[in-house]
Amino acid sequence: MLPISFIESMQGVKGFQKEAFLAVHVHNIPVTSIRFNPFKKKLLKQLSLADQLDEKVPWTSDAWYLKERPSFTFDPFLHGGAYYVQEASSMFVEQILQQAIPQPAQEIVLDISAAPGGKTTLLSGYFKNGLVVANEVIKSRAAILTENVIKWGADNIIVTNNDPVHFQRLPAFFDVVLLDAPCSGSGLFRKDAGAIAGWSLENVHTCSLRQQRIIRDTMGVLKHGGLFIYSTCSYSTAEDEAILDWMVQEYAFEPLRIQLQPNWGIVEVRTTQQEAWGYRFFPDQVKGEGFFVAVFRKKSAGIQPVFRLENNLTQPAGKALALLSEHIQLPENYRVFMQENGFRAIQNHYWQPLQQLAQQLYIKKAGIELGGLKGKDFVPSHELALSLLPLTQMNNVEVDLETALHYLRKQVPAIQGAKGWCTISYCGLRLGWIKVLPNRINNYYPAEWRILKD
Ligand code: SAM
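Reading the values: rules and limits
Residues numbered from 1 in each chain as written. Predicted model: local features only at pLDDT ≥ 70, side-chain atom pairs only at ≥ 80, totals over all residues. Heavy atoms only, no water. Pairing = 2+ DSSP bridges. Helix = DSSP H or I, 4+ residues; strand = E, 2+ residues; numbered from the N terminus. Contact = heavy atoms within 4.5 Å. Axes fitted to C-alpha atoms, helices over the stretch in contact; angles between N-to-C directions. Buried < 20%, exposed > 50% of the residue type's maximum accessible area, 1.4 Å probe, protein only. Near = heavy atom within 4 Å. Polar contact = N/O pair within 3.5 Å; in protein donor to acceptor, adjacent residues only side chain to side chain. Areas by Shrake-Rupley, 256 points an atom, 1.4 Å probe, with all protein chains shown as cover. Nonpolar A, V, L, I, M, F, W, Y, C, P; charged D, E, K, R; others polar.

Trainee: Would you take a moment to explain the sheet that holds strand β15 (residues 334-339) for this structure?
Mentor: Note on sheets: strands pair through backbone hydrogen bonds, and any given pair is parallel or antiparallel. With respect to topology, five strands assemble into an open sheet ordered β14-β15-β16-β18-β19, the strand pairing being antiparallel. The two strands at the open ends of the sheet, each matched to only one other strand, are β14 (313-314) and β19 (377-380). Sheet topology places β15 next to strand β16 (residues 342-347); six bridges connect them, and they run antiparallel. Its bridge partner being in β16, Met338 is matched across the sheet by Phe343. Sheet strands in contact with helix α12 (residues 348-358) are β14, β15 and β16, and its direction is about 120° off that of β16.

Trainee: Looking at this structure, how should I read the side chain of Lys151?
Mentor: Inspection of the secondary structure puts Lys151 in helix α7 (residues 139-152). Judged by relative accessible area, which is 10%, Lys151 ranks as buried. Once you skip the residues sitting within four places of it in the chain, Lys151 turns out to touch Lys40, Leu78, His79, Gly80, Gly81, Leu386, Tyr445 and Trp449.

Trainee: Hey, could you run me through the site of the ligand in this one?
Mentor: Around the ligand there are 18 residues in total, and Ser113, Gly118, Glu136, Arg141 and Asp180 lie nearest to it. In this structure, Gly118 approaches the ligand through a main-chain N or O atom, which is 2.9 Å from an oxygen atom. Coverage of the ligand by the protein amounts to 84% of the 590 Å² it exposes when considered alone. In terms of residue count, helix α9 (residues 201-218) provides more of the shell around the ligand than any other element does, three residues in total. Tallied by class, the residues present in the shell around the ligand amount to nine nonpolar, three polar and six charged.

Trainee: Where do I start with the sheet that holds strand β21 (residues 420-426) in this structure?
Mentor: Taken in spatial order, the four strands make up an open sheet running β20-β21-β22-β23, and their pairing is mixed. In this open sheet, the two edge strands, each paired with only one partner strand, are β20 (395-398) and β23 (441-443). Sheet twist, expressed as the average angle between the axes of neighbouring strands with direction ignored, equals 35°. Of the pairings in the sheet, the one linking β21 to strand β22 (residues 429-436) comprises seven bridges and is antiparallel in character. Counted as the bridge partner of Trp421 is Lys435 from β22.

Now the structure itself:
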């Protein structure tokens, strides 16, 4: 049962059709969709979930509805980052980007509320030569975000764990800001009974104040002419249209209009005060969950920075670098740096923005962690296996589905013929490391990520 105060609050909202809306929440037909990882798709010897793909999500380039929800836990392609399970409506962010930035170059993009990372992976795939800063304020959620980013494997994502206010230290730094705001969550009513139980008008009000605070804290980071994308999974006008009006009024953002196809079922709204454009997704009209999104161009510039953190990203010693190169040969456009005791690699053109970010923010992950030296031995990192870096000096063993699942459960796989450090791959997709010793095999799959279900 949906809250009565919610239904009452929706009267008069453009596109809200009470009977159809209620019906779709009673006859709950779950919709599952995935978006392929453009960086890894070309590595695959076999398309993941090929027999499960139904129709394409119409507003994106490579995302599909599935015929039914599979058991993702037992699909090695998921663990190897071949695709991301993402709700279809929220993939509309890609359509906005296609229309607003049809030819992405080297944009620097901020995803301010990024966990668990659905839109971060979308941004990484769209801005292939750009840099995505994926921030999450809540520490435990920043860990989930990092896990998903590691599996995605691309090195154009930097994960930070900061309060949005800390970004004020980076005025006019970003070309694009996405605020996928924490919200009252009514858009998830169909999927999540907890969202129904936790909904209240008071919470809508609290969320709208929080959304304004985050915008106030971060609007200065956007360059003049930069793009601000605002989204929620709430149907409430206080978190949607009212926020758009406030943004135009307070900060003179210029609202942009997105072209829609009539068969998408998306409702275009125009706010009464400031005539800003917004896009509403109702699950009785689109194949997806509840969602709201709007996009603006920034007209004014930012303010100047004052703050400096000690930058903890250092250059490795020449001797250590020489030892490292005995184990791993990086492409020429990469540079190696140290964070704590680990070697990391990042493409040269990301180095300068990374330096600036590291002076202002807590960097949780940047570039690809390669591993560390233990005496003369190189201990490779899990992140390295899941990355896109070529590992020509390392052994690899291609395994079947049963062995892959055995490995992902962190059991000892039965593998012949390999020696020393060795990656395991399934259908061409690397899953992690084993170490083959004379009398045993050690499985280095991260314990906290292993499959626990039988
Ligand atoms: N963008 C994500 C995705 O596509 O996977 C989903 C983001 S979710 C709608 C909103 C996020 O905002 C949550 O991860 C939540 O932890 C975070 N959040 C909560 N309070 C916040 C705050 N005060 N400032 C910024 N983010 C906050």
